Structure formats: structure tokens, C-alpha cells
Amino acid sequence: MSEKIDLSSYVPSEDEEFMNSQQKAYFRAKLVAWRNDILREARETLEHLAEESANHPDLADRASSETDRAIELRARDRQRKLISKIDAAMQRIDDGTYGYCEETGEPIGLKRLDARPIATLSIEAQERHERREKVYRDE
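Just so we're clear, the structure is a prediction, and the values are computed from it rather than from any experiment. (Residues numbered from 1 in each chain as written. Predicted model: local features only at pLDDT ≥ 70, side-chain atom pairs only at ≥ 80, totals over all residues. Heavy atoms only, no water.)

K.L.:
Now, about the UniProt feature "zinc finger region: dksA C4-type" (unreviewed entry) in the protein chain: what can you tell me, with residues and values included?
P.N.:
Mapped onto this structure's residue numbering, the UniProt feature "zinc finger region: dksA C4-type" (unreviewed entry) falls at residues 101-125. End C-alpha to end C-alpha, residues 101-125 measures 8 Å, and it is 36% helix and 0% strand. (UniProt positions renumbered as here; feature names shortened; annotations may be inferred. Helix = DSSP H or I, 4+ residues; strand = E, 2+ residues; numbered from the N terminus.)

Right, dumping it as C-alpha cells:
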């Protein structure tokens, strides 16, 4: 899929065929940009952590620095998992299943995909999933 799309000018519309080549190119470009942002932030974090690794003579400064480092690393771990979801979404674009609910096979909806391009469930299926999860968690 070599079609290039300008994210600033094209907006997927309900009036066009669902997951046509333009929509696929739009969501691929959106996913690639998101992935690149995450990778750039990760590089910046690594550079910051390398600079920050200085020994702090003050115990409070050292503790604060360690806490900041732990929070930063936890955030990076969440983003690492997000990258695998982005990669999976791009794979679904390639195999033609992107944009369709994994549970029902129905189209997910352009607004949901625009807000959450890695979505795998329609809003209705996601709500059912969350209700079931809450029931099991509350027991």
C-alpha cells in the first residue's frame, strides 16, 4: 500500500466505502506517526536517564531521582506494549481485517478508530467486555 495521505487534510467519512484504500492509508499514516512519536520519546528518555545517572550525595535527592526513574521506566514499558498493539493494527491493515470488530465482525466505526486507531472491538463489544470484566473483578 504505497498510497500517501495527508493527515491534515483528509478526514475519513461515513459516505465513502468502509476501509477503502484511502482510509487504510489514513489509518496506517496515523499509526506510523504515533509509533514514531513513541520511539522518539523513548530515545529522549534514554538520553535523559543517561545524563541523570549522576550520583546524588543527598539521600533525599537520590530517592527522588530513583522514584522519577521508576515512573519513567514504567511509562516506557506501557508504551512498549502500545507499540506492539500499533504493529498488530498495521498487520490487520495488511491482512484486511483492520476496522472490523474481532468479536462480531462488524465495522468498528470511523470515529472510534480515529480516536483509538488500535481498537479491536466495536463500542458495543467493548462495553460488553468491560461489564464482564467488572463482574468478575467484583466477585
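Alright, that's what it looks like, and here's the rest.
K.L.:
How would you explain the pattern of salt bridges if you had to name every residue and give the values?
P.N.:
Per the counting criterion, the structure on display carries ten salt bridges. The partner of Arg76 in a salt bridge is Glu72, and the shortest N-O contact between them spans 3.0 Å. Note that Arg76 and Glu72 are positioned in helix α2 (residues 59-95) at a spacing of four residues, about one turn of the helix. Measuring nitrogen to oxygen at the nearest pair gives 3.2 Å for the salt bridge that ties Arg128 to Glu103. With a gap of 25 residues between them, Arg128 in helix α4 (residues 123-138) and Glu103 in the loop between α2 and α3 (110-115) connect regions that are remote in the sequence. Because the salt bridges share partners, they merge into one network encompassing Asp37, Arg40 and Glu44. (Salt bridge = Lys/Arg side-chain N within 4 Å of Asp/Glu carboxyl O.)

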